[in-house]
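# Tertiary structure, described
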Amino acid sequence: MGKKIKLGVLGGGGDSLIGVLHRVASSMYDKFEFVGGVFNPELKESQEFARELGIGTDRVYKDLDHLIAEEAKLPEEERIKAVSILTPNFLHFPMAKQLLENGFHVICEKPMTTTYEEAKILEETLTKSKTVFAVTYTYTGYPMIRQMKEMIAAGEIGEVQKIDVQYYQGWINSIIHDKEQRNSIWRLDPEKGGISCCIGDIGTHAFDMIEYVTGLEVKELLADLNYVYSDNKMDVDGTVLLRFSEFVKGVLRSSQIATGEENNFAVKIYGKKAGLKWEQENPNYLYKLEEGQPMKVLKPGHEYNSALSLDGTKLPPGHPEGIFDSMGNIYKGVARAINGEKYHPAEFPTMKDGIRGMNFIEKVVESHAKGNVWIKIDA
């Protein structure tokens, strides 16, 4: 086994769910070694958090500037080689740009930036740096999502003709109706979250998933967003009509005020010959529907699945593969790319996916602001 890639993390301190998810995922497959970073704005808090995790405080830094400067003093083989960015949205772009300019590989939470313009600048920076960049659209790592992608590519459902994706959560419902709360959390603050909350947070997952599994690109969209209150500047619900071509249409429904919903992410792709359905809350089941035939249920770990799906399956059939495993598969693909090993291009979302995501967010907001009109997405 080769030497582990030394990993630093920005953000993700305290009781952050995303912090736990990334730390566990990076430890899978023994590809990364988590050695330090900047977990909180206050150094003492970061150091205390490191002690709680059982890692040394010698590589816990005051800020990103100090991380870069101090790591450069170490022998090359001992330096942090890759950094995961788990901070609020407004910090993604400046941190990613600075890391790329200093030769670090980057694993970035979505949305990649807060504007499409920033995303394009980041693309130029990556081209110059010649490093690896991944955006953690986590759900692309599920084995049965990868199986869905391979089945569609192989023509098993025929030409795609209808796409329906839904991502419903309810967690903002308890916040949005309290004026003080909705004006205090960062996700509803345009200065920290960007121009969109719901679409930027979970709608981009749905958008990326559609293009990932089908191999198609959205050409035009028409959006209708809901802000619930006039003093709330960020969308918390939205419906987006999609055009892939003249005869291939779709709908994306995203909400964080779907009362009682937890993480209801469902993907349905219908072709001329068959349809496929997958739900994140039951991720081990991929349903295949055909006219006049019993519904088929495909599960991970079986030999009938594709090599890409099986590569992302760690357990024998019948054992659940969950979100930690999904994120772990993304980290494994990134490690292969960093180490110069052969890897499938579908193993992790790239900067192209991040750029498409930012373009999507801005066009959705523009479509709504202009009175729910059709808007073209840049190629």
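Coordinates for the structure precede this section.
The rules behind the values
- Residues numbered from 1 in each chain as written.
- Predicted model: local features only at pLDDT ≥ 70, side-chain atom pairs only at ≥ 80, totals over all residues.
- Heavy atoms only, no water.
- Helix = DSSP H or I, 4+ residues; strand = E, 2+ residues; numbered from the N terminus.
- Expected span 1.5 Å × (residues − 1).
- Buried < 20%, exposed > 50% of the residue type's maximum accessible area, 1.4 Å probe, protein only.
- Pairing = 2+ DSSP bridges.
- Axes fitted to C-alpha atoms, helices over the stretch in contact; angles between N-to-C directions.
- Polar contact = N/O pair within 3.5 Å; in protein donor to acceptor, adjacent residues only side chain to side chain.
- Patch = residues over 30% accessible without salt bridge, like charges linked within 9 Å, V, L, I, M, F, W, Y side chains within 5 Å.
- Areas by Shrake-Rupley, 256 points an atom, 1.4 Å probe, with all protein chains shown as cover.
- Salt bridge = Lys/Arg side-chain N within 4 Å of Asp/Glu carboxyl O.
- Phe/Tyr/Trp six-rings, centres within 6.5 Å; stacked < 30°, edge-to-face > 60°.
- Lys NZ or Arg CZ within 6 Å of the ring centre and 35° of its normal.

The first and last C-alpha atoms of helix α10 (residues 198-214) sit 23 Å apart over 17 residues, in line with the 24 Å expected at 1.5 Å per residue. Of all 17 residues making up α10, 17 are buried, and the element is well covered by its neighbours. In the segment just after α10, Gly 215 is the residue with positive phi, at about 75°.

A word on the sheet that holds strand β3 (residues 82-86). Strand order in the open sheet made by the five strands is β2-β1-β3-β4-β5, with parallel pairing throughout. Two strands close off the open sheet at either side, each with one partner strand: β2 (32-38) and β5 (133-135). Ignoring which end each strand starts from, the neighbouring axes of this sheet average 20° apart. One ladder, built from six bridges, connects strand β1 (residues 5-11) with β2; its direction is parallel.

In this section: the environment of Arg 356. Tracing the backbone shows Arg 356 in helix α13 (residues 351-369). Side-chain polar atoms of Arg 356 contact the backbone oxygen of Val 218, separated by 3.3 Å. At 3.1 Å, the side chain of Arg 356 forms a polar contact with the backbone oxygen of Asp 378.

With that settled, consider a nonpolar patch on the surface. Together, Tyr 285, Met 295 and Val 297 make up an exposed nonpolar region whose accessible area comes to about 260 Å². Judged by its relative accessible area of 32%, Tyr 285 falls in the partly exposed class.

For the structure shown, the criterion picks out 12 aromatic pairs. Judged by centre distance (5.2 Å) and plane angle (55°), the rings of Tyr 142 and Trp 278 are tilted. Remark: Trp 278 occurs in strand β11 (residues 275-279) and Tyr 142 occurs in the loop between β5 and α6 (143-153); sequence separation between them is 136 residues. Among the aromatic residues, those joined into a ring-pair cluster are Tyr 139, Tyr 142, Tyr 167, Phe 265 and Trp 278. Seen from the ring of Tyr 229, Arg 182 lies directly overhead, with NZ or CZ sitting 4.0 Å from the centre.

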